[in-house]
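Structure at a glance
Residues per chain, in single letters:
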Amino acid sequence: MTSTAAVPTYQADIYTDEALLEPYEHYRALRDLGPAVWLEAHGAFAVARYADARAVLANTEDFHSANGIALNEPANSAILGCTLASDGELHAHLRQVVAHRLTPRSLRPMRETVTARADELVAGLVERGSFDAVADLARALPLSIVPDFIGWPQEGREHLLRWAGANFDSFGPMNARAERALPQCGEMAGFGAEIVRTGNVLPGSLGASVLESRDRGDITTEQTMMLMLDYLAPSLDTTISAVGSAIWLFGRFPEQWDLVRRDPGLIPNAVNEVVRYESPIRAFGRLAVHDTEIDGVPVPAGSRVLVVYAAANRDERKFPDPDVFDVTRADAVQQLGFGYGEHGCAGQALARMETESLLAALARSVTRFELGEPERALNNLIRALGSLPVTVHTGA
Amino acid sequence: MQISVDYARCEGHGLCEDQAPDVFTLDDEGDLHYRFEGQDVPAEHAVAAGRGAASCPVAALKVVP
């Protein structure tokens with residue numbers, strides 16, 4: 001596919017180390033160029049403005065997820081038919097198998113456990129005083145909740161973070177990061193297949209209910225293998241990113257932390273603002289299946305379309321002063337960090353519960369976060385810190 | 001202005017209720033109840049209702065102008 005003269009184009013590779021470290025000027029340039037911008041380096045249209053990104057996500061007639069999620073064919077083939085990479089009735093059917101276990105109502109019995117673990121974790125860290133906000137806080141809670149919830153056996157858990165990260169790296173263009181990732185995605189798929197074969201999941205877990213759906217004939221064995229990974233892979237790095245970014249932001253903007261401490265009722269909105277400001281998932285792709293247009297820019301059938309959540313969430317056309325972190329922002333809830341529409345993140349209630357619980361526990365005792373030198377973990381899809389040394393203060 | 005509700009798609013995330021508790025409520029079963037089903041949203045509730053609809057993460061709520 002080549003671009004036409006009428007289509008704005010952008011030359012830069014937005015997946016280099018430098019671009020992953022400092023993406024926001026690229027995003028601004030993309031927004032300013034137009035509603036859809038042809039990325040020369042990646043052979044895809046970038047949709048970086050909020051209104052257009054939301055419209056593309058809502059338009060599942062013209063923009064499909066099957067063969068569209070990743071920027072490379074091997075990854076799109078590997079995930080074809082999972083919930084993330086399916087459309088229409090198949091997608092609705094697969095989502096239904098799992099999503100009902102992830103609604104806020106279904107998760108209500110979990111709240112006590114999540115809150116208790118968060119309180120315990122934070123109490124221990126506050127006593128230590130200095131710790132790594134990523135390894136000791138952001139990773140610790142999801143890893144103590146999610147694998148049990150999904151029912152993943154104890155053996156193999158040591159690989160989960162590596163596998164999940166590889167999964168997201170594989171969705172980028174076929175750069176060195178994606179090449180390194182694909183064999184590891186294969187390992188993860190193999191492990192998922194083994195679990196389905198042996199039925200080795202914790203009783204009463206989400207995984208167990210997926211196996212029951214298979215036994216009832218609701219889904220095929222192959223779909224069962226997909227579903228085992230569908231919700232595990234995205235449930236760790238994303239939440240870890242949000243919690244790490246939250247501490248980094250509240251360390252840099254202590255007056256925002258004061259607002260949260262004064263009014264813990266702001267915490268749900270603060271989580272939305274963290275996800276808006278530092279979107280854990282930078283972008284997901286779609287495949288244009290008909291000749292169509294995005295806000296006047298012609299998009300031929302067969303085009304890849306990259307919906308850049310992280311750019312849309314900083315769009316000044318939608319959010320006033322988008323580069324200001326403001327936990328009282330009125331429309332933070334409309335951020336696109338969890339996606340939107342049919343494919344909107346099914347696990348967001350659990351992600352919100354985990355992040356809110358940690359912030360609530362911290363707000364009860366921590367008055368200031370004194371940050372050390374953060375280090376970014378570079379990934380094609382996930383924006384996250386790899387480590388963040390922090391010392392917490394509890395006095396006035 | 002009306003709001004169309006796709007009850008089959010609603011997953012009970014409850015963000016609409018946070019934004020507009022006088023317009024959208026979730027019952028104990030997590031099922032959504034919309035106060036102005038099939039009618040125009042009264043002017044005094046329009047802003048909140050619009051905000052509630054815009055906050056739906058799965059596009060189960062849509063504003064019909």
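For the structure itself, consult the block above.
Residues numbered from 1 in each chain as written. Chains lettered and ligands numbered in written order. Predicted model: local features only at pLDDT ≥ 70, side-chain atom pairs only at ≥ 80, totals over all residues.

1. Quick notes on the overall build of chain B
Stated precisely, the cut-off is as follows: Here a strand is any run of E in DSSP of at least two residues, a helix any run of H or I of at least four, and the numbering for each starts at the N terminus. The reference for a compact globule is 2.2 Å times residues^0.38; the radius of gyration itself is calculated from the C-alpha atoms. Exposure is read from a count of other C-beta atoms within 10 Å of each residue's own; the residue is exposed at 12 or fewer, buried at 20 or more and partly exposed in between. C-beta atoms are placed from the backbone. Think of it this way: build a C-beta for each residue from its backbone, and any pair within 7 Å is a contact.
Within chain B, the regular secondary structure consists of two helices and four strands. When its helices and strands are written in sequence order, chain B yields β-α-β-β-α-β. At 10 Å, chain B has a C-alpha radius of gyration in line with the 11 Å of a compact globule built from 65 residues. Its C-alpha atoms give chain B principal-axis dimensions of about 30 × 20 × 20 Å. Every one of the 65 residues in chain B was classed for burial, and the buried ones make up 37%. A sequence separation of at least 24 residues applies to 68% of the contacts in chain B between residues at least 6 apart.

2. Concerning the nonpolar core
In a soluble, globular protein the nonpolar side chains are often hidden away together inside. Selection criterion: Note on terminology: a nonpolar core is any set of buried Ala, Val, Leu, Ile, Met, Phe, Trp, Tyr and Cys residues joined through C-beta atoms within 7 Å.
In this structure, A:Val47, A:Leu306, A:Val307 and A:Val308 are the most contacted members of the largest nonpolar core, which totals 128 residues. If you look at the next biggest cluster of nonpolar residues, it comprises 19 residues, including B:Val5, B:Leu15, B:Ala49 and B:Ala53.

3. Some points on the interface of chain A and chain B
The partner chain B presents 13 residues to the 14 residues of chain A that form the contact. Contributions of two or more residues to the side of chain A that touches chain B are made by α6 (104–128) and α17 (348–365) of chain A.

4. Overview of the environment of A:Ile219
Residue and element names in this part refer to chain A. Assignment of secondary structure puts Ile 219 in the loop between α11 (206–215) and α12 (221–230). Between the alpha carbons of Ile 219 and Arg 261 there is a distance of 47 Å; along the sequence they are 42 residues apart. Ile 219 has contacts with Val 97, Ser 213, Arg 214, Thr 224 and Leu 227, leaving out every residue within four places of it along the chain.

5. What to know about the sheet that holds strand β10 (residues 368–371) of chain A
Residues and elements named next belong to chain A. Test applied: Only when DSSP finds a minimum of two bridges between them are two strands counted as paired. Fitting a line to C-alpha atoms yields each axis, with helices limited to the stretch in contact; the angle taken between N-to-C directions then spans 0 to 180 degrees.
Taking strand neighbours across the sheet as the criterion, the three strands line up as β5-β13-β10 in an open arrangement whose pairing is antiparallel. The open sheet has two edge strands, β5 (130–132) and β10, and neither has a second partner. Here the average twist between neighbouring strands, direction ignored, is 35 degrees. One ladder, built from four bridges, connects β10 with strand β13 (residues 389–393); its direction is antiparallel. Opposite Glu 370, over in β13, you have Thr 391 as the bridge partner.

6. What about α17(A)?
Where we set the bar: Expected span of a helix: the number of residues minus one, times 1.5 Å.
The end-to-end C-alpha separation of α17(A) is 26 Å, in line with the 26 Å expected for 18 residues at 1.5 Å each. The buried count for α17(A) comes to 14 of 18 residues, which makes it a mostly enclosed element.

7. A closer look at unusual backbone geometry
The phi angle at A:Asp295 is positive, at roughly 50 degrees, despite the residue not being glycine. Position of A:Asp295 relative to the elements: it lies in the loop between β7 (292–294) and β8 (297–299). Its 13 C-beta neighbours within 10 Å are what place A:Asp295 among the partly exposed residues. Notably, B:Ala59 is not glycine yet its phi reads approximately 60 degrees, a positive angle. Looking at the element boundaries, B:Ala59 is found in the loop between α2 (43–54) and β4 (61–64).

8. Describing the sheet that holds strand β6 (residues 284–288) of chain A
All names here are of chain A. If you trace the six strands from one edge of the open sheet to the other, you get β1-β2-β3-β9-β6-β4, paired in mixed fashion. Both outer strands of the open sheet, β1 (9–10) and β4 (63–64), are each paired with one neighbouring strand and no more. Of the pairings in the sheet, the one linking β1 to strand β2 (residues 37–39) comprises two bridges and is parallel in character. If you follow Tyr 10 over to β2, its bridge partner there is Leu 39.

9. What about the environment of B:Pro42?
Along the chain, the position of B:Pro42 falls in the loop between β3 (32–34) and α2. For the pair formed by B:Pro42 and B:Gln2, sequence separation is 40 residues and the distance between their alpha carbons is 9.3 Å.

10. Quick word on the packing of α6(A) against helix α8 (residues 140–150) of chain A
Residue and element names in this part refer to chain A. Filter applied, for reference: In this scheme, roughly parallel covers angles under 35 degrees and roughly antiparallel covers those over 145, while 65 to 115 is roughly perpendicular and the rest are oblique. Crossings are sorted by hand: turned counterclockwise from the far helix by less than a right angle, the near helix makes the crossing left-handed, and turned clockwise it makes it right-handed. In this classification, Asp, Glu, Lys and Arg are treated as charged, Ala, Val, Leu, Ile, Met, Phe, Trp, Tyr, Cys and Pro as nonpolar, and every other residue, Gly included, as polar.
Packing of α6 against α8 brings their axes to within 10 Å, and their N-to-C directions diverge by 150 degrees. Our classification of the angle between α6 and α8 gives roughly antiparallel. Handedness of the crossing formed by α6 with α8: right-handed. Only Ala 140, Leu 141, Ser 144 and Ile 145 of α8 make contact with α6, whose side of the interface consists of Val 114, Arg 117, Ala 118 and Leu 121. Looking at the contact of α6 with α8, its residues break down into six nonpolar, one polar and one charged.

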